[in-house]
Amino acid sequence: MRRFLLGMVFIFLFLHGAPAQPVIKDYAVQWNTQSKNASESMPVGGGSIGANLWVENNEVLLYFSKSGAFDENNTFLKGGRLRIRLYPDLFENGSFRQELDLQTGAATIHTKNKKGTADLRIWVSVFQPVIHIEINGSVPVSAEAVYESWRFADRLQQGKANNANSWKWAGHVNVIAKKDAVRFEQNRILFFHRNTDSTVFDAAVTQQQLAAVKQQLRNPLRRLTSGGIVEGRNFVAGTNGDGLYTNTPFKSWSLKSRSAQKHQELRIILHNNQTNSPGTWLSELNECVQKSRSAKADHAATRQWWRQFWNRSYICINPGKKNMADTAWQTGRNYQLFRYLLAANAYGSYPTKFNGGLFTVDPVFTDSTITGTPDHRNWGGGTFTAQNQRLVYWPMLKSGDADMMKPQFDFYNRLLHTAELRSAVYWHHKGANFNEQIENFGLPNPTEYGWKRPAGFDPGMEYNAWLEYEWDTVLEFCMMMLEARSYAGMNIETYLPLIKSCLVFFDEHYQYLAKKRGNKALDQNGHLVLYPGSGAETFKMAYNASSTIAALKKVTQKLLSMPVGLANEERNYFEALLKRIPPIPYMQYNGRPTIAPARVWERVNNTEPAMLYPVFPWGIYGVGRPGLDTAINTYRLDSFAMKFRSYTGWKQDNIFAARLGLTEEAKRLTSLKLKDSGRRFPAFWGPGYDWVPDQNWGGSGMIGLQEMLLQAVDDKLYIFPAWPKEWDVSFKLHAPRQTIVEGVLKDGKLTVLKVMPQSREKDIVNMLR
């Protein structure tokens, strides 16, 4: 009997035990030659800092960025560039290896020649704003660290270079990029950019007729100081110099080691904050320096963070069959690499930017017609485009990274008062009005808002063919907040006023518009008339856009279903609002029903298939849901949906296909999304429609792969709803009700399944059976 029981235990563990941990080290990126230039750099990051690392002409170089560093023009500034030289030169005529170790979040460089060997380790603390550079040689070496700045003088920004800031093509303004302060200080290099009192914020407030409430608006740019210190143990101040990298001149300040040693250490400490004086900022920076002196403890904490990060979620395709030429294997590897890029800004003061994140380099390597500095990225530095940002953050729910969503949630939450002031000042009603493309101070980008506007044009409206009436994307972030409570148990109490106010805006504003047109606030069925509206940036001047209807319906339903403490009066209001939301419109192709983009629309402006938004992100249609055939008809027959289909950039057809259970389509499009980028680092996709690395390209790829593996429908958990049987996979993903699903598929069969809590195992629906 004892042997029998033991045997049953072993069988149970085999069938239901934890899957074997995937070998993340198989996804390490390794190069055996030096790089040609910054475009062949490797990302290293953590916490709120990202660095591009490469070795060029026997010198180690880094670009480095910290979340929240914006100048007067709202350009997202890099901290600078650091160049490291070793004496003797251990790179010359030797062997070389550079590797990104995902398990520890660090990059290593190994070089060997007849003079000796050197190993460099570069890592970023998750908990302190510090980049660590460790140099170990087999022979004593001297090291020189050269800080290089291209912001050594005021610079007139012209032409396409202004795409990096909030002025864009505002031809009436001479845009000046102000210089930094850089100096030696106690054998350290101190560098910083301090914004003046006058910034693009002031111009936007005046332009948008909000001067009367200016003091109530959040101004994140005034007196913002961004910078840091370069220091090294036993390093002293060296010399000044100048030079040219690609097409950008720079000035330099160097530190040199006092003596040749087998071990050398350098650190870059970064700090951003708004202070009344530069001296206050410098005192804060020195506090950061003192707190970060315990590198050993910091290193241990950072390594532990990365261990738990990789353990909480993964998707490994064809595990144990490493084949870099295999598209399926690439898809799994690049999913992991992109998740690593997102982790670089896990705890930043601002969300990960869709147009490059923390890892942009000289623009000439993306667009040879742009002569901007390494600070450049198209679509602005402090401008946040919601349609793009959302794709960066949706995948974090299933990857178990809800803690990393807080920067994006807080971004909207701290701008709530500004959004409510817009509604109150312009239209005299309640609710938060968030536009599609907003600045970090909550107002529309001033150039997209329109510098030349017709007399009497509604000052609350953007005079812009793409962005007019596009207000509903904020509801996706509201939904993410609600889902973060379900997926991860996040306390979202602080975000509830935001969610409620965003819903109230649509209710109040569209009744306001209806009353301006005539006597009635609602249609004959008691529904809101969502006109004028917008189906994404594409179906303009829309009447009852299906994407807006789906958003309002799902967020209101989710809010009402959550145990979040709505007062009775609030509950009654939102239940009534739910009844006022109009039904999704339909149309026909070849006699078959499809989801319409809207009841009617005036013109088509972009290439977003908004008629499929009720599939994703809103989940009204899909696997296990009513109307699946109608949604599939829409995907396959709608002429716009077919015309717009692509895998590039923010295109999300791979997600639609997965949600609809179209396995071959999902496989094809997601493979194209997540295949090697064509650049040296495999997950530096783009530019797509934006920039390199294209973060919404990677995010939409992540979402599609997750949806192929796991979909939550009401209380059911569908596994493999669009998964090709020929792809072996080991995965661990998160689901609503704080559920974790782990599994192994091998040779078309589910060999291991583990569900936590175990009570949810009964909710699993295996679609491969």
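Refer to the structure printed above.
Residues numbered from 1 in each chain as written. Predicted model: local features only at pLDDT ≥ 70, side-chain atom pairs only at ≥ 80, totals over all residues. Heavy atoms only, no water.

A. The overall build of the protein chain, seen in detail. Helix and strand counts for the protein chain stand at 19 helices and 31 strands. Overall, the C-alpha framework of the protein chain stretches about 85 × 85 × 45 Å when taken along its three principal axes. Put simply, 69% of the contacts in the protein chain that link residues at least 6 apart link residues at least 24 apart. As displayed, the protein chain offers around 28000 Å² of accessible surface, 51% of which is attributable to carbon and sulfur atoms. (Helix = DSSP H or I, 4+ residues; strand = E, 2+ residues; numbered from the N terminus. Contact = heavy atoms within 4.5 Å. Areas by Shrake-Rupley, 256 points an atom, 1.4 Å probe, with all protein chains shown as cover.)

B. Region of the structure containing the state of the cysteines. Tallying each qualifying case throughout the model produces zero disulfides. Note on Cys502: no disulfide assigned, nearest cysteine sulfur contributed by Cys478 at a separation of 3.9 Å. (Disulfide = S-S within 2.5 Å.)

C. Molecular detail of the packing of helix H12 (residues 496-517) against helix H14 (residues 568-580). Running from N to C, H12 and H14 point in directions that differ by 50°, and their axes come no closer than 11 Å. The pairing of H12 with H14 is recorded here as oblique in orientation. Like other packed secondary-structure pairs, H12 and H14 cross with a definite hand, here left-handed. Listed contacts from H14 to Lys500, Leu503, Val504, Asp507 and Gln511 of H12 are Glu570, Tyr573, Phe574, Leu577 and Arg580. Of the residues that constitute the contact of H12 with H14, the class distribution is five nonpolar, one polar and four charged. (Axes fitted to C-alpha atoms, helices over the stretch in contact; angles between N-to-C directions. Parallel < 35°, antiparallel > 145°, perpendicular 65-115°, else oblique. Left-handed = near helix turned anticlockwise from the far one by under 90°. Nonpolar A, V, L, I, M, F, W, Y, C, P; charged D, E, K, R; others polar.)

D. Structural context of the pattern of salt bridges. Across all of its chains, the model carries 37 salt bridges by this definition. Measuring nitrogen to oxygen at the nearest pair gives 2.6 Å for the salt bridge that ties Glu148 to Arg81. Separated by 67 residues along the polypeptide, Glu148 in strand E9 (residues 130-149) and Arg81 in strand E5 (residues 80-87) bring together distant segments of the chain. Overall, Glu148 belongs to the buried group, its relative accessible area being 2%. Arg81 sits in the buried class, given a relative accessible area of 1%. For Lys500, the salt bridge goes to Glu570, with nearest N and O atoms at 2.7 Å. In this pair, Lys500 is assigned in helix H12 and Glu570 in helix H14, connecting sequence segments 70 residues apart. One network of salt bridges, in which partners are shared, links Glu59, Arg81, Arg83, Arg85, Glu144 and Glu148. (Salt bridge = Lys/Arg side-chain N within 4 Å of Asp/Glu carboxyl O. Buried < 20%, exposed > 50% of the residue type's maximum accessible area, 1.4 Å probe, protein only.)

E. Seen up close, the nonpolar core. Formed by 206 residues in total, the largest nonpolar core has its most connected members in Leu82, Phe434, Leu475 and Trp723. If we ignore the near neighbours within four places in the chain, the residues touching Leu82 are Val60, Leu61, Leu62, Phe64, Ile133, Ala145, Val146, Tyr147, Val230 and Ile268. (Core = buried A, V, L, I, M, F, W, Y, C linked by side-chain atoms within 4.5 Å.)

F. Local environment of helix H11 (residues 474-488). Helix length check: H11 (15 residues) gives 21 Å between terminal C-alpha atoms against 21 Å at 1.5 Å per residue, within 8%. Along H11, 13 of the 15 residues are buried, which leaves the element largely enclosed by surrounding structure. Immediately beyond the C-terminal end of H11, within one or two residues, lies Gly489, with a positive phi of roughly 70°. (Expected span 1.5 Å × (residues − 1).)

G. Representation of the side chain of Asp362 in the model. Along the polypeptide, Asp362 turns up in the loop between helix H5 (327-343) and strand E19 (383-385). Buried charged residue Asp362 carries no salt bridge. Nearest counter-charge: Arg81, at 4.6 Å. Of note is the side chain of Asp362, whose polar atom sits 2.8 Å from the side chain of Tyr63. Looking at Asp362, its side chain comes within polar contact range of the side chain of Thr246, at 3.3 Å. Excluding residues within four positions of it along the chain, Asp362 makes contact with Ala38, Tyr63, Tyr245, Thr246 and Pro374. (Lys, Arg positive; Asp, Glu negative; His and termini not counted. Polar contact = N/O pair within 3.5 Å; in protein donor to acceptor, adjacent residues only side chain to side chain.)

H. Looking closely at unusual backbone geometry. Pro88 follows Tyr87 through a cis peptide bond whose omega is 0°. Its place among the elements puts Pro88 in the loop between E5 and strand E6 (95-101). Residue Pro693 is bonded to the preceding Val692 through a cis peptide linkage, with omega at -5°. Tracing the sequence through the fold places Pro693 in the loop between helix H18 (663-674) and helix H19 (695-709). Non-glycine residue Lys168 carries a positive phi angle of around 50°. Positioned with a positive phi, Thr246 is a non-glycine residue whose angle comes to about 50°.

I. Representation of the layout of surface pockets in the model. Estimates place the volume of the largest pocket at around 920 Å³. If you trace the largest pocket, you find 38 residues lining it, with Glu483, Lys554, Lys558, Arg625 and Ala712 closest to the centre. Those elements that place two or more of their residues in the lining of the largest pocket are helix H7 (395-398), H11, helix H13 (546-561), H19, strand E26 (710-713) and strand E27 (716-719). Residues that form the lining of the largest pocket fall into these classes: 17 nonpolar, seven polar and 14 charged. The computed volume of the second largest pocket comes to approximately 440 Å³. Trp379, Trp466, Glu537, Asn606 and Trp650 are the residues nearest the centre of the second largest pocket, which is lined by 24 residues in total. (1 Å grid on protein atoms, 1.4 Å probe; cavity = no way out; pocket = protein on both sides within 12 Å on 5 of 7 lines; lining within 4 Å. Points joined across faces, edges and corners; volume = space filled by probe spheres on them.)

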